[in-house]
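The residues making up each chain are set out below.
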Amino acid sequence: MLYIGVDLGTSAAKLLLMRTDGTIEKIVSREYPLSFPKPGWSEQDPQHWWNACVEGIRELVADADKSQIAGIGLGGQMHGLVALDEKDEVIRPAILWNDGRTAEETAYLNETVGREKLSRYTANIAFAGFTAPKLLWMKKQEPELFAKIARIMLPKDYIVYRLTGVHSTDVSDASGMLLMDVKNKCWSPQMLDLCGIKQNQLARIFESYETVGTLRPEASSLLGLPQTVMVAAGAGDNAAAAVGTGTVGNGSCNISLGTSGTVFIASEQFTVDSHNALHAFAHADGHYHLMGCMLSAASCNKWWMEDILGTSDFAAQQAGISKLGENHVYFLPYLMGERSPHNDPKARGTFIGMTMDTTRADMTQAVLEGVAFALRDSFEVAKLLGIQAGRTKICGGGAKSPLWKKMIANILNIKVDTLASEEGPALGGAMLAAVANGEYASVAEAAAAIVKVTDTVEPDAELAALYEKRYETFREIYPKLRELFQRM
């Protein structure tokens, strides 16, 4: 049978067609616009997502035997607020995960309601990108629109609704709303009261590998697919990427180098760190995970290369980098503020340490190293919980850079596994659809059968020691600048 996997990203939808054994038959992509109507704001029109998915699926299956297409699974950008009215029409542009307008609401939740209560209700504290602060912002700043909300949805769940007619979400994506009791996988009545919403405004919660429904007639006709095609609940992009990289089972780890960057550690047990520096979410495999998320990862390199250097030849710029572990320039990768572990929407990207002999290569190197150092910040929190990851999978656009993988292996001092397929959330979505359709008994079984490691980058003891010293310096920079960032 054939399964469609969709990665509903921030800048594009990536779609793939997978056979039951994991063979990828075809991959297509459709871009859509991203809007920044005010400084720190980030929005999208959900209709653009739907158009991209429809066009992408049509191209994906154009030459396929459509009778063999059994299911669709999505992974998608998390936390976005999609507000629908009583006719299921979009009320306003979706407020995205990297939107920073909710500083006041986030402070209210953390300081007035209190971190301890939030952690007790949801296993997490408030971050500016989460859905609950967005609801509070909308309630205060757009009360007329807030009053029209009949359904509150997440980005990929809006697409699932357009496909099936079912208002659904999955445990991994819902974990990032600050509305769900993660430990018990149900909506938190206390958080609903705080946000002024009712449970009937929220979707039904599914496990990621469960079937939500089949294609509604309109979607079937539009896509040219049988109505019998089932749609899985899917997962948030990081949980879907973890499935696609085989990061299931206790202690397994994945690093995602996409627009944002994540450190994802699977756990069979529900765990929360005492400072809530890492997110404690439900995993798409039926268990849980800890996750550190930085808001700007590969996007830092894209910004530096395209907007500052004016080039699209990333590899050429990296070719001149040779003095690993010795660079005197540091870069804080906080171009959109930062989430883990600082939780500071006012943090900003910063170069420090330049001298008259600083070169373009030094600054390019600093950008790559800064992202890796920031990923290590989350690893350090995991270590405090007794988690010692000796190796990690890696995915995302940044994973295509051999140099960046070498930096990560030595800065984190762990083995970095490269996979035969680096399709991340799209592959994870297709795998979840296969599990939902009964092709595999569990997500773990699907991962064991489909995911293959092709290469491993091992840390070099001497280089890792050099980077250890540089990391100690890096971790001093943000605390010294934090007060300045607040004033700026």
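Residues numbered from 1 in each chain as written. Predicted model: local features only at pLDDT ≥ 70, side-chain atom pairs only at ≥ 80, totals over all residues. Heavy atoms only, no water.

**Describing helix α13 (residues 402-411)**
The element α13 is largely enclosed, with a buried count of eight among its 10 residues. Taken as a whole, α13 has its buried residues at Leu 403, Trp 404, Lys 405, Met 407, Ile 408, Ala 409, Asn 410 and Ile 411. Of the residues trailing α13, Asn 413 is marked for its positive phi of about 55 degrees. (Buried < 20%, exposed > 50% of the residue type's maximum accessible area, 1.4 Å probe, protein only. Helix = DSSP H or I, 4+ residues; strand = E, 2+ residues; numbered from the N terminus.)

**Overview of the sheet that holds strand β22 (residues 391-395)**
Strand order in the open sheet formed by seven strands is β18-β19-β17-β16-β22-β23-β24, with mixed pairing between adjacent strands. The open sheet terminates on both sides in strands that have one partner only, identified here as β18 (279-282) and β24 (453-457). Direction aside, the axes of adjacent strands within the sheet are offset by 30 degrees on average. Here β18 runs beside strand β19 (residues 288-294); their pairing, made up of four bridges, is antiparallel. Of the residues in β19, the one forming a bridge with Ala 282 is Tyr 288. On the sheet, helix α12 (residues 360-384) packs against β16 (253-257), β17 (261-267) and β19 and is oriented at approximately 25 degrees with respect to β17. Along the sheet, α13 contacts β16, β22, β23 (415-419) and β24; its crossing angle with β23, the most-contacted strand, is approximately 145 degrees. (Pairing = 2+ DSSP bridges. Axes fitted to C-alpha atoms, helices over the stretch in contact; angles between N-to-C directions. Contact = heavy atoms within 4.5 Å.)

**A short note on the pattern of salt bridges**
Under the definition given, this model contains 25 salt bridges. Its salt-bridge partner being Arg 19, residue Glu 25 comes within 3.0 Å of it at the nearest N-O pair. By relative accessible area, which is 39% here, Glu 25 ends up partly exposed. With a closest N to O distance of 3.0 Å, Glu 380 and Arg 376 form a salt bridge. Note that Glu 380 and Arg 376 are positioned in helix α12 at a spacing of four residues, about one turn of the helix. The exposure classification of Glu 380 matches that of Arg 376, with both residues buried. Salt bridges here are not isolated pairs; linked through shared partners, they connect Glu 43, Arg 92, Asp 99, Arg 101 and Glu 142. (Salt bridge = Lys/Arg side-chain N within 4 Å of Asp/Glu carboxyl O.)

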